[in-house]
Amino acid sequence: MDAIRAARLTRVYPQAPPGVRALDDLSLTVPSGRVFGLIGRNGAGKTTFIRIAATQLEPTAGQIEILGHDVMTQTDQVRARIACVPQESRPLYFLTVEEAIRLNLGLRGMSRQIARSRTQEVLGELSLTELATRSISRLSGGQRRRVMVAMVLATEAELIFLDEPTTGLDPIARREVWGAIRRATREGRTTLLTTHYLDEAETLSSRLALIERGRLVLEGTPQDLRGRVRSPYRVTVEGSFSLEELRSFGTARAIEPGFLVFASEANARALAQEALRRGARVAFGPVDLEDIFLEVVGRRIEDDREEAVAA
Ligand SMILES: Nc1ncnc2c1ncn2[C@@H]1O[C@H](COP(=O)(O)OP(=O)(O)OP(=O)(O)O)[C@@H](O)[C@H]1O
Ligand SMILES: [Mg+2]
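Residues numbered from 1 in each chain as written. Chains lettered and ligands numbered in written order. Predicted model: local features only at pLDDT ≥ 70, side-chain atom pairs only at ≥ 80, totals over all residues.

**Q** Explain the nonpolar core here, please?
**A** For soluble globular proteins, the rule of thumb is that nonpolar side chains tend to be buried together. If you look at the biggest cluster of nonpolar residues, it comprises 85 residues, and the most contacted ones within it are A53, A150 and F161. If one sorts the elements of this core by residue count, helix α5 (residues 141-153) sits on top with 7 residues. If we ignore the near neighbours within four places in the chain, the residues touching A53 are I4, I64, I66, V71 and F161. (Core = buried A, V, L, I, M, F, W, Y, C linked by C-beta atoms within 7 Å. Buried ≥ 20, exposed ≤ 12 C-beta atoms within 10 Å, placed from the backbone. Helix = DSSP H or I, 4+ residues; strand = E, 2+ residues; numbered from the N terminus. Contact = placed C-beta atoms within 7 Å.)

**Q** It is not clear to me how the site of ligand 1 should be interpreted in this structure. Could you clarify?
**A** Taken together, 14 residues lie near ligand 1, and Y13, A22, N42, T47 and T48 sit nearest. Across the shell around ligand 1, the residue classes break down as 5 nonpolar, 8 polar and 1 charged. (Near = placed C-beta within 6 Å. Nonpolar A, V, L, I, M, F, W, Y, C, P; charged D, E, K, R; others polar.)

**Q** What is the right way to look at the domain arrangement of the protein in this model?
**A** A common way to report how large an interface is uses the accessible area buried once the components associate. When the domains of the protein are assigned, the result is domain 1 (4-226) and domain 2 (233-310). Just the C-alpha atoms count here: the centres of domain 1 and domain 2 sit 35 Å apart. With 12 residues of domain 1 at the interface, the matching set in domain 2 holds 10 residues. The set of elements that each furnish at least two residues to the side of domain 1 that touches domain 2 consists of α7 (198-204), β9 (207-212), β10 (215-220) and α8 (222-226). For the side of domain 1 that touches domain 2, the residue count by class is 8 nonpolar, no polar and 4 charged. (Domains from an automatic or database assignment.)

**Q** In this structure, what is going on with the sheet that holds strand β13 (residues 258-263)? I would like to understand it.
**A** The strands making up a sheet associate through hydrogen bonds between their backbones, and the pairing can be parallel or antiparallel. The 4 strands lie next to each other as β12-β13-β11-β14, forming an open sheet whose pairing is antiparallel. Each edge of the open sheet carries a strand with a single partner, namely β12 (251-255) and β14 (281-286). This sheet shows a mean twist of 15° between the axes of neighbouring strands, independent of strand direction. Sheet topology places β12 next to β13; 5 bridges connect them, and they run antiparallel. Opposite T251, over in β13, you have F262 as the bridge partner. Helix α10 (residues 265-277) rests against β11 (233-238), β13 and β14 of the sheet, and its axis sits at about 20° to β11. (Pairing = 2+ DSSP bridges. Axes fitted to C-alpha atoms, helices over the stretch in contact; angles between N-to-C directions.)

**Q** Just to check I follow, could you spell out the pairing of strand β7 (residues 159-163) for this structure?
**A** Looking along a regular strand, one sees the side chains alternate between the two faces of the sheet. Burial runs high along β7: 5 of the 5 residues are buried. The two faces of β7 match: L159, F161 and D163 on one face and I160 and L162 on the other face are all buried. Summarising the sheet, β7 and strand β8 (residues 190-194) pair through 5 bridges and their orientation is parallel. Bridging across to β8, D163 finds its partner in T194. The β-α-β motif built from β7, the intervening helix α6 (residues 171-186) and the parallel element β8 has right-handed crossover chirality. (Right-handed = clockwise from strand over helix to strand, strands pointing away.)

**Q** I'm lost on the environment of L57 in this one. Help?
**A** On the secondary structure map, L57 appears in the loop between α1 (46-53) and β4 (61-66). Exposure remark for L57: the 17 C-beta atoms within 10 Å place this residue in the partly exposed category. Residues L57 and M72, spaced 15 residues apart in sequence, show a C-alpha to C-alpha distance of 9.8 Å. Beyond its immediate chain neighbours, meaning those up to four positions away, L57 contacts T48, R51 and I52.

**Q** Explanation requested: the sheet that holds strand β3 (residues 35-39) in the structure shown.
**A** Strand order across the open sheet formed by 6 strands is β6-β7-β8-β3-β9-β10, with mixed pairing between neighbours. Lying at the two open borders of the sheet, with one neighbouring strand each, are β6 (82-85) and β10. Across the sheet, the mean angle from the axis of one strand to that of its neighbour is 15°, orientation sign disregarded. With 5 bridges connecting them, β9 and β10 associate as antiparallel partners. When the sheet's bridge partners are listed, A209 is paired in β10 with E219. Strands β3, β7 and β8 of the sheet are contacted by α6, whose axis makes an angle of about 150° with β8. In the packing of helix α11 (residues 289-310) onto the sheet, contacts are made with β3, β9 and β10, and the angle to β9 comes to roughly 25°.

Below is the structure:
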């Protein structure tokens, strides 16, 4: 069974300017048991989608099913099977880290004994053991964020929503969160993840959806997404070339301290060889998710601008 099936979802916020739809006829299916990455610019509609799927906000139009239950009519069944780390959250400041995690599990109906052992496990996994008896009000921003993530990953929810779980986390803590997400996946659970770190989205997700202005732009495996861009290879070179010369290989632009060229595989190889011959520094490989994002979203912004000028 799919974890999420959204059909033609639209959300218009009451105070939104005329014509602005946070979600605009968005259909999306999230298969079970994997990590699904939801990416897009600020304001694209990611949090709105998560809030609707997590039963916190009603859609203006459209349907959405979570693990086979309709979000609008079977809200309680949905709530029992999901857990959510919201983008902005006010954790329970008066509790200690350990209490917050354990009490949340108790509220979800977990037995005391299991709640205790799951709490210890997740504290270890996210390096929170040393902070276990500290009051949440005395933690740093990143530490508090980790507690929120721990609270959700400790549950037995089949579907986990993580809205920018690693924003503000140091590189080590980020990787610990990745490990905890991977473990949830091994347990057969589904994660819907949003992040602006596209390396993270690509590393963790088996499928990704790119949304822009509430609409679905691209959806598929990281491999599928690569196939959707005009130039599948990227080359960076430093020195020994002029921009004009590089343009004969593909789309080129100056980036500090050299140039970035998007090209076909054959042209990318030819350019890399030529650069080596001239003794220039060069790196080449398939485009990454950030390149795809910049190309696809960048192109849409340009198209919109042209439309606006033509109108
Ligand atoms: N409570 C609200 N009232 C009115 N408009 C809102 C509200 N929350 C979000 N919006 C608008 O809805 C659109 C989608 O916002 P949303 O928070 O879903 O974006 P997002 O993709 O999560 O962005 P970010 O990456 O910045 O978190 C934006 O145009 C935003 O301004
Ligand atoms: Mg958001």
